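Observations on the model geometry
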Amino acid sequence: MAEHTKIIAVTRFDPERDDAPRSQEYEVPVQEDWKVLEALNYIKDHLDPTLSHRWSCRMAVCGSCGMNVNGEPKLTCREPLSNYGERVEVAPLANFPVVRDLVVELEGFLEKLGALKPWIMLAKQRAPEEGATRQSPAELADFKQFSMCINCMLCYAACPVVANEPDFLGPAALATAHRYNLDSRDEGAAQRAEIMRGEGGVFSCSYANECAEVCPKNVDPAGAIQQAKLANVLSWARSFVVRRRAAS
Amino acid sequence: MAPPRPPDRFPAGPRYRSYLLFGMGSALMLPLGFELLCALWALASGDAAWREFQAGLRHPLRIAGHAVAGVWLTWVALRFFRLFPKTQPFRLGPFRRPPDWLLVGGLYGVFAAASLALGLWLAGRIGGLG
Amino acid sequence: MRGLLLRLEPLIWGLFGGGMFVGALLLPAWCLVAGVLLPLGLLPAAEFPILWEHLYYQLSQPLGRAVAWSAVALPLWAGAHQARHLVTDFGGLRWDGLVGGLCYAAAALGSLLAAFAVLAL
Ligand code: SF4
Ligand code: FES
């Protein structure tokens, strides 16, 4: 396979030595069919073992290899190097604190996700004798798209609202919450509603649609969030009718 | 840990730029809504007030402003209708959401029809006392 | 203020959504026809100034009044909401309560005045 070199400009940051992230260039002999991740692995294996970056599955499933490539959030295991010119800039995902080099801190996201209770909640626990909960293909289709998220965080790195409003729960977490609200087996929508419409909830989103543009799994969190807003408005309006009826 | 940095391409990247231009264009609806309010107020106040309001529309700066706003908002409308379908639920009772191309096409059609009708009405070609 | 706005958000967003729809449908034609083509005399055989009787007849019908109010009031909310989000986009989150309060107060006042005007038609 043909081989030539590219300059890979990697953002480096060592919390013990650097005040701020800096860029370091590597000349990498790349092969035509390489993904961006393979260039990073080459650097780590052959040029500079101190480079830190995350990856695991190499097949766009685990969601751990997200980085900003030439300023755009990408799954580096899926992003062909041939899409880029002779110099490629690789930086950690924007909008996240940087632990080291290309590794970002995800603790904040995990807290937000957990707060939204992303699991099936039942009003009453079912006994094992009652058997499995059934779901038709049509019911599955109601939320399947929003369940494809791999938590790669590309959407957070692209979102202008995340940048300006640190409390914003963000695209993937809200899309996942909406996914459970739409699940025919779930009865937890009311419990999620409070936080979904609270500070940093769905109404902080201004529909920049960036998350939908960068998501590698076509989850379209922007669509999910607007749908969640609409559902929220409708349940808010309904709450008045119900309260009226209860009062009279 | 190094603090988060904002998205690398904000605000000049092409997609961020259209998002911001969309926001600014739709923010024009605030002054334009007040202009419509003045028009309505003038109409409610009678013929003389209505003529006076329209005299103001002839000012060259207002004409220039309306030309810019008209083109800008046409683009805003097209982006809005293009992004509209996916904001709707996948299913309403037994009905699945129609495919995006159909919804967007329909909305563009409605937009064209509404613009034409409003234009013809303002130009005195339809409506009125018959 | 932010807390109040947050509680009213479903209402505000509903008005905003309606306003985007109505404004997107009507405002381009208003700007281009009433704001450019008619004043410049570019439409053949069209009257300008527009005759008062011509518009008054439709607008004073019940449906006409409803449409007129929506056409004025709803876009105000759309514009106010977008203006507020723009301020946040450019880093003004700490003024969000103030900006939002002012924007929506303007929209609310305009909606009220539009109701008066529509009733006076
Ligand atoms: S919604 Fe898409 S971009 Fe966001 S974390 Fe999930 S898979 Fe990644
Ligand atoms: S390495 Fe698993 S998604 Fe890229």
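Residues numbered from 1 in each chain as written. Chains lettered and ligands numbered in written order. Predicted model: local features only at pLDDT ≥ 70, side-chain atom pairs only at ≥ 80, totals over all residues.

1. With respect to the overall build of chain A
Check the secondary structure of chain A and you find nine helices and seven strands. By its C-alpha atoms, chain A is 75 × 40 × 30 Å across when sized along the principal axes. The contacts in chain A between residues at least 6 apart in sequence include a share of 67% that link residues at least 24 apart. (Helix = DSSP H or I, 4+ residues; strand = E, 2+ residues; numbered from the N terminus. Contact = placed C-beta atoms within 7 Å.)

2. Considerations on the site of ligand 1
All names here are of chain A. Every one of the 16 residues lining ligand 1 counts as a neighbour, but Cys149, Cys152, Cys155, Ala172 and Cys215 are closest to it. Breaking the shell around ligand 1 down by element, the ones donating at least two residues are helix H4 (154-158), helix H6 (171-182) and helix H8 (210-214). Class assignment of the residues belonging to the shell around ligand 1 gives a composition of 14 nonpolar, one polar and one charged. (Near = placed C-beta within 6 Å. Nonpolar A, V, L, I, M, F, W, Y, C, P; charged D, E, K, R; others polar.)

3. Quick look at the packing of helix H1 (residues 14-27) of chain B against helix H4 (residues 60-83) of chain B
Residues and elements named next belong to chain B. Packing of H1 against H4 leaves a shortest axis separation of 9 Å and a crossing angle of 115°. The chirality of how H1 crosses H4 is left-handed. The residues of H4 that touch H1, namely those facing Phe22, Gly25 and Ser26, are Trp72, Leu73, Trp75, Val76 and Arg79. For the contact of H1 with H4, the residue count by class is five nonpolar, two polar and one charged. (Axes fitted to C-alpha atoms, helices over the stretch in contact; angles between N-to-C directions. Left-handed = near helix turned anticlockwise from the far one by under 90°.)

4. Thoughts on the interface of chain B and chain A
How big an interface is tends to be stated in terms of accessible area lost as the parts join. Listed as interface residues are 19 residues of chain B and, on the opposing side, 31 residues of chain A. Looking at the side of chain B that touches chain A, the element that brings in the most residues is H1 of chain B, giving three residues. Across the side of chain B that touches chain A, the residue classes tally to twelve nonpolar, one polar and six charged.

5. Brief notes about the environment of Ala231 of chain A
All names here are of chain A. Tracing the backbone through its elements, the reader meets Ala231 in helix H9 (residues 221-247). Judged by C-beta crowding, with 19 C-beta atoms within 10 Å, Ala231 ranks as partly exposed. It is 9.9 Å that separates the C-alpha atoms of Ala231 and Ala193, two residues lying 38 residues apart in sequence. (Buried ≥ 20, exposed ≤ 12 C-beta atoms within 10 Å, placed from the backbone.)

6. A closer look at the pairing of strand S4 (residues 72-75) of chain A
All names here are of chain A. Taking every second residue as pointing to the same face, both faces of S4 are buried, with Glu72 and Lys74 on one and Pro73 and Leu75 on the other. Note that strand S3 (residues 66-69) and S4 share four bridges and pair antiparallel. Looking at the pairing, Asn68 lines up with Pro73 of S4. Counting the residues that bridge the hairpin from S3 to S4 gives two residues, and of these Asn70 lies at a positive phi of roughly 45°. (Pairing = 2+ DSSP bridges.)

7. Things to note about the pairing of strand S5 (residues 87-91) of chain A
If a strand is regular, its side chains alternate between the two faces of the sheet. All names here are of chain A. Inspection of the sheet shows strand S1 (residues 3-12) paired to S5 by four bridges, in the parallel sense. Bridging from a neighbouring strand, Ile7 pairs with Arg87 of S5. With two bridges connecting them, S3 and S5 associate as antiparallel partners. Bridge pairing in S5 links Val69 to Val90.

8. A word on the domain arrangement of chain A
Residue and element names in this part refer to chain A. In terms of domains, chain A is made up of domain 1 (3-104) and domain 2 (107-247). A straight line from the C-alpha centre of domain 1 to that of domain 2 covers 32 Å. Facing the 13 residues of domain 1 at the interface are 13 residues of domain 2. Broken down by secondary-structure element, the contributors of at least two residues to the side of domain 1 that touches domain 2 are S3 and S4. (Domains from an automatic or database assignment.)

9. Considerations on the interface of chain C and chain B
Every contact between the two is made by 54 residues of chain C and, on the other side, 46 residues of chain B. For the side of chain C that touches chain B, the secondary-structure elements that each account for two or more residues are helix H1 (2-37), helix H2 (52-59), helix H3 (62-89) and helix H4 (96-120) of chain C. Looking at which element gives the most residues to the side of chain C that touches chain B, the answer is H1 of chain C, with 16 residues. Classifying every residue of the side of chain C that touches chain B by side-chain character gives 42 nonpolar, nine polar and three charged.

10. Points about helix H5 (residues 100-122) of chain B
Between its terminal C-alpha atoms H5 of chain B stretches 32 Å, which fits the 33 Å expected from 23 residues at 1.5 Å a residue. Every buried residue of H5 of chain B is accounted for by Leu107, Phe111, Ser115, Leu118, Gly119 and Leu122 of chain B. Of the surrounding elements, those touching the buried residues of H5 of chain B are H4 of chain B together with H1 of chain C. Positive phi shows up at Gly124 of chain B, right after H5 of chain B, with a value of about 80°. (Expected span 1.5 Å × (residues − 1).)

11. Here's the deal with the nonpolar core
By size, the foremost hydrophobic cluster in this structure holds 134 residues, and its most contacted members are Val90, Cys155 and Leu174 of chain A together with Leu40 of chain B. At 19 residues, the largest contribution of residues to this core is made by H1 of chain C. The residues that make up this core include at least three from each of domain 1 (3-104) and domain 2 (107-247) of chain A. Setting aside anything within four residues of it in sequence, one finds Leu174 of chain A in contact with Leu169, Met196, Val202, Pro221, Ala224, Ile225 and Ala228 of chain A. (Core = buried A, V, L, I, M, F, W, Y, C linked by C-beta atoms within 7 Å.)

12. Some points on the sheet that holds S1 of chain A
Residue and element names in this part refer to chain A. One open sheet holds the five strands; their spatial order is S2-S1-S5-S3-S4, and the pairing between them is mixed. With partners counted over all chains shown, the strands left at the sheet margins are strand S2 (22-31) and S4, one partner each. Between one strand axis and the next, the sheet turns through 35° on average, direction left out of account. Helix H1 (residues 36-47) rests against S1, S2, S3, S4 and S5 of the sheet, and its axis sits at about 100° to S2.

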